[in-house]
Amino acid sequence: MRRYITFALAKGRLAKHTLSLLEQIGITCEEMKDEKTRKLIFVNEELGYRFFLSKATDVPTYVEMGAADIGVVGKDTILEAGRKLYEVLDLNVGKCRMCVAGPESAREKLNDGSLIRVASKYPRIAKDYFYNTKHQTVEIIKLNGSVELAPIVGLSEVIVDIVETGSTLKENGLQVLEEICPLSARVVVNEVSMKMEHERITKLVKDLKKIVSANQE
Ligand SMILES: Nc1ncnc2c1ncn2[C@@H]1O[C@H](COP(=O)(O)OP(=O)(O)OP(=O)(O)O)[C@@H](O)[C@H]1O
Ligand SMILES: O=P(O)(O)OC[C@H]1O[C@H](OP(=O)(O)OP(=O)(O)O)[C@H](O)[C@@H]1O
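Residues numbered from 1 in each chain as written. Chains lettered and ligands numbered in written order. Predicted model: local features only at pLDDT ≥ 70, side-chain atom pairs only at ≥ 80, totals over all residues. Heavy atoms only, no water.

The protein is annotated in an unreviewed UniProt entry as ATP phosphoribosyltransferase of Jutongia huaianensis. UniProt, in the comment section headed Catalytic activity (unreviewed entry), describes the protein in these words: "1-(5-phospho-beta-D-ribosyl)-ATP + diphosphate = 5-phospho-alpha-D-ribose 1-diphosphate + ATP". You can read under Pathway (unreviewed entry) in the UniProt record for the protein the words "Amino-acid biosynthesis; L-histidine biosynthesis; L-histidine from 5-phospho-alpha-D-ribose 1-diphosphate: step 1/9." (UniProt positions renumbered as here; feature names shortened; annotations may be inferred.)

What follows is the structure in structure tokens.
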């Protein structure tokens, strides 16, 4: 019996982009597009694929542990998870930037050696940036969302967060102070699956790569 290739896809912002890219290479799952469904896992018997949509932050876990062979998730989530995965393709969708942001008044403190507080949903990325790139000691405060509030209410001097259009920062009187890295959705593969299902997975990645290049033209 042929083994299913299992996909862990991030729900939320990336789901539509991901399903559309998969559809463009002939991998469809009609049932999954039904926004009202409460079903969590979907099978395409004909193609030998299984799909599930999980919380974005759980995708690296499913893939590293082998519960899924392939995952699609943002680079931010991959960096924050710190899991052992093969990152095989940049899908060039869900593009945004990881930035240090805050009020203009925090700019000086960022570079004058003050011990600043940094609030973030991404403590690992924040720590790596300040400690390993900037060689600066900071206090990191983990938050779970609406991070822009932190400097406004005095919880921190700056934040490390995702910036896409910049509207959230602007509407809250904050700005980008430093850019950490560009972000986009990536395809990740379980290390064992890459060996066991090499042919099917490389073919799929190759097909996706062609679509990504064509979409860029
Ligand atoms: N404006 C944006 N804000 C946040 N993420 C964005 C944005 N634009 C693109 N992305 C990408 O989309 C991914 C998924 O974002 P989404 O908001 O759906 O998930 P999440 O923030 O992990 O979930 P939750 O809001 O439930 O914590 C992010 O990890 C990031 O790579
Ligand atoms: O630059 P923009 O286009 O304004 O997008 C960036 C904002 O969107 C994300 O928040 P999200 O909507 O995921 O809410 P959360 O912070 O509560 O998770 C992110 O954390 C920023 O706040």
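The residue histidine 135 is not glycine, and still its phi comes out positive at about 50°. Locating histidine 135 in the fold gives a position in the loop between α5 (123–133) and β8 (139–142). (Helix = DSSP H or I, 4+ residues; strand = E, 2+ residues; numbered from the N terminus.)

As a further point, take helix α1 (residues 15–24). Within α1, the full set of buried residues consists of Ala15, Thr18, Leu19, Leu21 and Leu22. Looking straight down α1, one finds that the buried residues subtend no more than 160° of arc, so they occupy a single side. In the core, the buried residues of α1 are packed alongside β1 (5–10), β3 (49–54), β4 (70–74) and α9 (198–216). Remark: glycine 26 follows α1 within two positions and exhibits a positive phi of approximately 85°. (Buried < 20%, exposed > 50% of the residue type's maximum accessible area, 1.4 Å probe, protein only. Arc of directions from axis to C-beta. Contact = heavy atoms within 4.5 Å.)

Before going further, it helps to spend a moment on the packing of aromatic side chains. Tallying each qualifying case throughout the model produces five aromatic pairs. Centroid distance phenylalanine 7 to phenylalanine 51: 5.3 Å. Interplanar angle 20°. Geometry classified as stacked. Of this pair, phenylalanine 7 sits in strand β1 while phenylalanine 51 sits in strand β3, and the two are 44 residues apart along the sequence. A residue is classified by how much of its surface remains accessible, and phenylalanine 7, at 1% relative accessible area, is buried. Classification of phenylalanine 51 as buried rests on a relative accessible area of 1%. Arranged with centres 6.3 Å apart and planes meeting at 50°, the rings of tyrosine 49 and phenylalanine 51 form a pair that is tilted. By the burial criterion, tyrosine 49 is buried, and phenylalanine 51 matches it. Members of the aromatic cluster, each reached through a chain of ring pairs, are Phe7, Tyr49 and Phe51. (Phe/Tyr/Trp six-rings, centres within 6.5 Å; stacked < 30°, edge-to-face > 60°.)

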